[in-house]
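Chain by chain, the residues run as shown.
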Amino acid sequence: MYLIMYDIVSNSKRTRFANILIEFGYERLQKSVFVGIENPKKFDAISLQLQKTTIEDSIIMLNISKTNFKNLKKYGTFSVDMEYLCNEKRSMII
């Protein structure tokens, strides 16, 4: 699994990057944090987009195990189904 976190200055670039992540099956955890199952094709396509970042942007991609992801400590409002995101069930319940 990959956690992708970003701080992109340009509104249009930030929106475009978020839409690309969604198109590749990543799910939004927070406004600038996405998670997705590791897939080399997705990673290559996303990496191409990462090369278009500018000096004032920052993007972090963190490879994380499903076990560690499911054990994340969550505080406040967090309505994401961890088992669904780990591809362990077929539908998401919110």
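Residues numbered from 1 in each chain as written. Predicted model: local features only at pLDDT ≥ 70, side-chain atom pairs only at ≥ 80, totals over all residues. Heavy atoms only, no water.

**Student:** Would you explain the overall build of the chain in this entry?
**Tutor:** Tallying secondary structure elements over the chain gives four helices and four strands in all. Counted from the first residue to the last, the chain has its helices and strands arranged as β-α-β-β-α-β-α-α. The buried share of the chain, taken over its 94 residues, is 31%. Within the chain, residue pairs in contact and separated by at least 24 positions form 59% of the contacts whose partners lie at least 6 positions apart. Only carbon and sulfur atoms are counted for the fraction: they give 51% of the accessible area of the chain, which is about 6,400 Å². (Helix = DSSP H or I, 4+ residues; strand = E, 2+ residues; numbered from the N terminus. Buried < 20%, exposed > 50% of the residue type's maximum accessible area, 1.4 Å probe, protein only. Contact = heavy atoms within 4.5 Å. Areas by Shrake-Rupley, 256 points an atom, 1.4 Å probe, with all protein chains shown as cover.)

**Student:** Would you mind showing me how to read the pairing of strand β3 (residues 33–36) here?
**Tutor:** Burial along β3 is two-sided: V33 and V35 facing one way and F34 and G36 facing the other are all buried. Across four bridges, strand β1 (residues 2–7) lies against β3 in antiparallel orientation. The partner of Y2 across the bridge, within β3, is G36. The pairing of strand β2 (residues 27–30) with β3 spans three bridges and is classified as antiparallel. Paired with R28 across the strands is F34, a residue of β3. Between the antiparallel neighbours β2 and β3 lie two residues. (Pairing = 2+ DSSP bridges.)

**Student:** Explain the nonpolar core to me, please; I cannot follow it from the model alone.
**Tutor:** Counting 11 residues, the largest nonpolar core is built from M1, L3, L29, V33, V35, I64, F69, V80, M82, L85 and C86. Counting only elements with at least two residues in this core, the list comes to β3 and α4 (82–85). Among residues more than four places away in sequence, those in contact with M1 are V35, G36, I37, E38, L62, N63, I64, K66, F69, L85 and C86. Ranked by size, the runner-up nonpolar core spans 10 residues in total, among them I4, Y6, L21 and Y26. (Core = buried A, V, L, I, M, F, W, Y, C linked by side-chain atoms within 4.5 Å.)

**Student:** Would you mind showing me how to read the sheet that holds β3 here?
**Tutor:** Within a sheet, each strand pairs with its neighbour through backbone hydrogen bonds, oriented either parallel or antiparallel. In spatial order, the strands read β2-β3-β1-β4; together these four strands make up an open sheet with antiparallel pairing. Here the strands that pair on one side only, and so sit at the sheet edges, are β2 and β4 (58–63). On average, each strand axis in the sheet is tilted by 25° relative to the strand beside it, whichever way the strands run. Packing against the sheet, helix α1 (residues 11–23) makes contact with β1, β2, β3 and β4, and its axis sits at approximately 170° to β1. (Axes fitted to C-alpha atoms, helices over the stretch in contact; angles between N-to-C directions.)

**Student:** I'm lost on the pattern of salt bridges in this one. Help?
**Tutor:** Close approach of charged atoms allows side chains with opposite charge to pair. In this structure the tally under the stated criterion is one salt bridge. For the salt bridge of K13 with D57, the shortest nitrogen-to-oxygen distance reads 3.2 Å. A residue pair is termed long-range when its members are at least 10 positions apart, and K13 in helix α1 and D57 in the loop between α2 (40–50) and β4 qualify at 44 residues. (Salt bridge = Lys/Arg side-chain N within 4 Å of Asp/Glu carboxyl O.)

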